[in-house]
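# Secondary and tertiary structure notes
Residue strings, one per chain:
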Amino acid sequence: MAEEHHLPPEEQHNSSPKMTHEKHFDHRRPLRALCAFLLIFLLLAGVTVLIVWLVYRPQKPKFTVVAAAIYDLNITSPPFISTSMQFTLVTRNPNRRVTIYYDKLTSYVSYKNQMITPPVVLPPLVHNKKSTVAFSPVMGGPGVPVSADVVNGLTMDEAYGVVGLRVVIMGKLRWKAGAIKTGRYGVYVKCDVWVSLKRGFVGQVPLLGTPLCHVDI
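Residues numbered from 1 in each chain as written. Predicted model: local features only at pLDDT ≥ 70, side-chain atom pairs only at ≥ 80, totals over all residues. Heavy atoms only, no water.

To be explicit about the condition: UniProt positions are given in the numbering used here, feature names are shortened, and annotations may be inferred rather than shown by experiment.
An unreviewed UniProt entry annotates the protein chain as Late embryogenesis abundant protein LEA-2 subgroup domain-containing protein of Tripterygium wilfordii. Taken from UniProt, the Subcellular location (unreviewed entry) comment for the protein chain reads in full: "Membrane".

### Here we look at the packing of aromatic side chains
Just so we agree on the cut-off: Each aromatic pair joins two rings of Phe, Tyr and Trp (for Trp, the six-membered one) with centres within 6.5 Å, and gets the label stacked for planes under 30 degrees apart, edge-to-face for over 60, and tilted for any other angle. Only DSSP runs of H or I reaching four residues or more are called helices, and only runs of E reaching two or more are called strands; each is numbered from the N terminus. Only protein chains enter the accessibility calculation, which uses a 1.4 Å probe. A residue is then buried if its area is under 20% of the maximum for its type, exposed if over 50%, and partly exposed in between. Look at NZ for Lys and CZ for Arg. If either is within 6 Å of the ring centre and within 35 degrees of the ring normal, a charge sits over the ring.
Considering all chains together, one arrives at two aromatic pairs under this definition. Between Phe-63 and Tyr-102, the ring centres sit 6.4 Å apart and the planes meet at 80 degrees, which makes this aromatic pair edge-to-face. Within this pair, whereas Phe-63 is found in strand β1 (residues 62-76), its partner Tyr-102 is found in strand β3 (residues 99-111), the two being separated by 39 residues in sequence. Both residues of the pair, Phe-63 and Tyr-102, count as buried. When the ring of Trp-175 is compared with that of Tyr-185, the centres are 5.5 Å apart and the planes differ by 55 degrees; the resulting orientation is tilted. Of this pair, Trp-175 sits in strand β9 (residues 162-177) while Tyr-185 sits in strand β11 (residues 185-196), and the two are 10 residues apart along the sequence. According to the relative accessible area criterion, Trp-175 is buried, its value standing at 7%. A cation over a ring is seen here: Lys-181 above Tyr-101, with NZ or CZ 4.8 Å from the ring centre.

### A short note on the nonpolar core
As a reminder of what qualifies: By nonpolar core is meant a set of buried Ala, Val, Leu, Ile, Met, Phe, Trp, Tyr and Cys residues that side-chain atoms within 4.5 Å join together. Contacts between residues were defined by any pair of non-hydrogen atoms, one from each residue, lying within 4.5 Å.
Membership of the largest hydrophobic core comes to 40 residues, with the highest contact counts inside it found for Phe-87, Ile-116 and Leu-165. Take this core: its biggest share by element is seven residues, from β9. In contact with Leu-165, other than residues within four places in its own chain, are Met-85, Phe-87, Val-109, Ser-110, Tyr-111, Ile-116, Cys-191, Asp-192, Val-193 and Val-195.

### A short note on empty space enclosed by the protein
Defined as follows: Computed over the protein atoms alone on a 1 Å grid, cavities are sets of points where a 1.4 Å probe fits but cannot get out and pockets are open sets with protein on both sides within 12 Å along at least five of seven lines; a residue lines them when it has an atom within 4 Å of a point. Grid points are joined across faces, edges and corners, and a volume is the space filled by probe spheres set on the points.
Across all of its chains, the model carries one cavity of 30 Å³ or more by this definition. Taken as a whole, the largest cavity spans an internal volume of roughly 40 Å³. As for the largest cavity, its lining consists of Phe-63, Tyr-102, Leu-105, Leu-125, Phe-135, Ile-169, Val-187 and Val-189. Where the lining of the largest cavity is concerned, the elements lending two or more residues are β3 and β11.

The structure is reproduced here in structure tokens:
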């Protein structure tokens, strides 16, 4: 009759946890490898993006107002302003390797931080590398409501012969370097200009200086 071999109680007690631990370890090994792969991939992708950014380093565009014309600037009750203005702006892309794409652009004119022309929608603009683009939006409209401060200020400025205006352009832009294109960023351009203007004058007005515009992105 064959003898039956039985493990000692201690060995019987220790065998089950060991097998469970090995099974658990084998199950987690692929998960750890996947996590390590993802971590290395993200690190390499981050380093690549950083290198591309340092090489191309997109700079903000530069805007300048170079000409202005006032065709209408009348004040009526209660008070309203009827306006028609045209400003010629030159924008320069200083980047050697990066193209700038503009879209959803609007423009208006303000006086004493109050809008005196309705926003005008501008067409999309592609700004190639190291290039300069000029555009001349006409802004204005009948019966724009304004405050008494605006009326009094414009009356005094026109009597003096110098009027300070702000041309505002706002919208979205993207940078593109090779096959890499960034997401859309909000762009806000404000150009503070002083024009020589007397009441009743119509047409091209002299700019008192050629100030650079302030660009926020």
